[in-house]
Amino acid sequence: MRIRLYNSLTRQLELFEPLQPGLVRMYTCGPTVYAYAHIGNMRAFLCADLLQRVLRVIGGYQVRWVMNITDIDDKTIRGSAPGSPEWLPEMGEQTQDPRENLRRYTRFYEAAFLEDIARLHIRREHLAALPRATEYIPQMQDLVRRIVERGFGYVAGGSVYFDLSAWRQVAPYGRLFPIDPAQIRPGVRIDADQYEREEVSDFVLWKGRKPGEPYWEFELHGQSLPGRPGWHLECSAMEHELLGLPFDIHTGGIDLKFPHHEDEIAQSWAGYGVDPTRYWVHNEFLEVEGQKMSKSLGNFFTLRDLLQRGLDPLDIRFAMLQAHYRSPYNFTFAGIEAARRARQRVQEYIYTLHEEAPAEGIEPDVHALRERVFGHLADDLHTPKAFAELFEFIGATPPMALSARARAELIGFFAELNQIVDVWEIRTRPAEEVPEEIRRLAEQRWQLRLQRRFAEADALREQILQAGYLIKDLRDGYIIERL
């Protein structure tokens, strides 16, 4: 099945074709490991995970997926500095070595990030590499030399900057994110790793050493320039080293279009003479209860915050996947609860498919169902349409009425779909020990029904339901299931 994707570079839907037949090389801007990742970050990584799974399962491609770890930038340096209030006891004692402090600080949050994405079923085995920026300093220095030698970089005050004026004489700047030429400030340099659109100017490639900060030795044309890489430079060098240029797909949140991704394009062309990638795929922002997520509004959540509230990470995964990646996602607790019920509904359907079935029964067109669901996913990852097809089918096709052959075909379909969605168990219903109190209430309710005291029986059924269990009445008894 052919895949179509919206390319941020061309601003249109395009039929996806990899540069190498059968192989997709894909890069995702990963986390800056200076704090626990918040749910807005997680949406970007879940969207990238969805894409690579669709490419594997529906497209039939082998995928080489690389996601970087930013462990050197303004934020990580600030957090690891001596006396920083962000330094946690779990990181150990701070040392006199800024690079060692940086390593301890970032490794702590890197480990937390890996734990978090594992809870969301972003599988480590799907990632070909998780490179740390600090492990590719020589490659970054080589890229800086290339840019300067080709006339697009210069040294000033011990740092190296990208010469935007020189670059704009040979290529456009603003291919991903339209830039008003009036906003460009010739001759102005900016050292911050992150800045606003209104601050368009020469950006830093290599930052000169500052007192108390970690640094690496660097020689450029006989000049000693100890320091560290600029944030934008890091991805360009790692992409070149680990995937080769151009590669097929670059993903990230729309907040990275400018300046980060725009600068990646310029750096790669200026240093390596080629565009970094063919397809840029950006996901939209996440809001919380209809508002921008902000600590001042009290609606700023990490995944760990949500787990402490009792939410299931797979319900969070399923809820986020139900929104189209190019639409803003409004995170609400009611939405997560709705996703929990919907996920459980499908899970119950799958359990029932595994139960003993009669040889005769209805036989729906499972192949047509697969074509519709997978067709929507192949069309720019349109999960809302895909799930709508799925739930319409479930609602119209009672599993108990299906033949044994139809059940087997549907089990195969759900197993394939779950390679993409990854929130269900494709298995028989697990045996579960029901608490004695629930069993006692269920038996009491059954006796009330036998006495035709239905109002009292219904009250007990509701009490059992509130405790997280469902009573299903049979002809001569009942069964208890956990919701």
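First, a word on scope: everything that follows refers to the structure included in this document.

What counts as what
Residues numbered from 1 in each chain as written. Predicted model: local features only at pLDDT ≥ 70, side-chain atom pairs only at ≥ 80, totals over all residues. Heavy atoms only, no water. Pairing = 2+ DSSP bridges. Helix = DSSP H or I, 4+ residues; strand = E, 2+ residues; numbered from the N terminus. Axes fitted to C-alpha atoms, helices over the stretch in contact; angles between N-to-C directions. Parallel < 35°, antiparallel > 145°, perpendicular 65-115°, else oblique. Contact = heavy atoms within 4.5 Å. Nonpolar A, V, L, I, M, F, W, Y, C, P; charged D, E, K, R; others polar. Core = buried A, V, L, I, M, F, W, Y, C linked by side-chain atoms within 4.5 Å. Buried < 20%, exposed > 50% of the residue type's maximum accessible area, 1.4 Å probe, protein only. Salt bridge = Lys/Arg side-chain N within 4 Å of Asp/Glu carboxyl O. Right-handed = clockwise from strand over helix to strand, strands pointing away. Phe/Tyr/Trp six-rings, centres within 6.5 Å; stacked < 30°, edge-to-face > 60°.

### With respect to the sheet that holds strand β15 (residues 286–288)
If you walk across this open sheet you meet the three strands as β16-β15-β17, and the pairing is mixed. The sheet is open, and its two borders are formed by β16 (291–292) and β17 (329–331), each paired with just one other strand. Relative to β17, β15 runs parallel, the two sharing three bridges. Looking at β17, one finds that V288 is bridged to F331.

### Here we look at the sheet that holds strand β3 (residues 23–28)
In space, the five strands of this open sheet follow the order β5-β4-β3-β13-β14, with parallel pairing throughout. Pairing within the sheet leaves two strands with one partner each, and these edge strands are β5 (127–129) and β14 (277–283). Within the sheet, the average angular offset between the axes of one strand and its neighbour, ignoring direction, is 30 degrees. Looking at chain direction, β3 and strand β13 (residues 247–253) are connected through three bridges and run parallel. What sits directly across from T28, in β13, is T251.

### Comments concerning the packing of helix α4 (residues 137–149) against helix α7 (residues 257–272)
Close contact between α4 and α7 brings their axes to 7 Å; oriented N to C, the two are set at 75 degrees. In terms of orientation, α4 lies roughly perpendicular with respect to α7. Contacts between α4 and α7 involve Q139, L143, R146 and I147 from the first element and Q267, A270, G271 and Y272 from the second. The class makeup of the residues in the contact of α4 with α7 is four nonpolar, three polar and one charged.

### Things to note about the nonpolar core
The tendency in soluble globular proteins is for nonpolar side chains to be buried side by side. The biggest cluster of nonpolar side chains holds 83 residues, and the ones touching the most others in it are L55, I249, L410, F413 and F414. When residues in this core are grouped by element, the largest group, eleven residues, is from helix α1 (residues 39–57). When sequence neighbours within four positions are dropped, the list of residues in contact with F414 reads V346, Y349, I350, L353, L390, I394 and I426. Judged by nonpolar contacts, the second largest core, of 49 residues, contains A129, V148, L233 and F258.

### Concerning the side chain of S268
Counting through the fold element by element, S268 comes out in helix α7. For S268, a relative accessible area of 0% corresponds to the buried category. Those residues within four positions of S268 in sequence are excluded, and the remaining contacts are S236, E239, L245, G273, V274 and P276.

### Details of the environment of H376
Among the secondary structure elements, H376 is positioned in helix α11 (residues 366–378). A residue is classified by how much of its surface remains accessible, and H376, at 21% relative accessible area, is partly exposed. Measuring from C-alpha to C-alpha, the distance between H376 and R4 comes to 9.9 Å, with 372 residues separating the pair along the chain. When neighbours within four sequence positions are excluded, H376 is seen to be in contact with L381, H382, K385, A386 and E389.

### Quick word on the pattern of salt bridges
A full pass over the atoms with the stated rule returns 38 salt bridges. Put simply, D380 and R326 hold a salt bridge, and the shortest N to O gap is 2.8 Å. Here R326 lies in the loop between α9 (313–321) and β17 and D380 lies in the loop between α11 and α12 (383–396), a separation of 54 residues in the sequence. Residue D380 is classed as buried on the basis of its relative accessible area, which comes to 3%.

### With respect to the pairing of β13
Counting buried residues along β13, seven of its seven residues qualify, which places the element largely inside the surrounding structure. Note that β13 and β14 share six bridges and pair parallel. Across the sheet, residue I249 finds its bridge partner in β14, namely Y279. Tracing the backbone out of β13, into α7 and back to the parallel element β14 gives a crossover that is right-handed.

### A word on unusual backbone geometry
In this structure, P246 follows L245 across a cis peptide bond, with omega equal to -10 degrees. Tracing the backbone shows P246 in the loop between α6 (231–242) and β13. Phi is positive for D380, close to 60 degrees, though the residue is something other than glycine.

### Describing the packing of aromatic side chains
The geometry of an aromatic ring pair is captured by the separation of the ring centres together with the interplanar angle, meaning the angle of the planes. Evaluation of the coordinates by the stated rule reveals 26 aromatic pairs. A ring pair is formed by F45 and F113, whose centres lie 5.2 Å apart and whose planes are at 80 degrees; its orientation type is edge-to-face. Placement of F45 in helix α1 and of F113 in helix α3 (residues 98–119) is noted, with a sequence separation of 68 residues between them. Classification of F45 as buried rests on a relative accessible area of 4%. With a relative accessible area of 3%, F113 lands in the buried category. Between Y349 and F414, the ring centres sit 6.1 Å apart and the planes meet at 55 degrees, which makes this aromatic pair tilted. Here F414 lies in helix α13 (residues 404–421) and Y349 lies in helix α10 (residues 333–353), a separation of 65 residues in the sequence.

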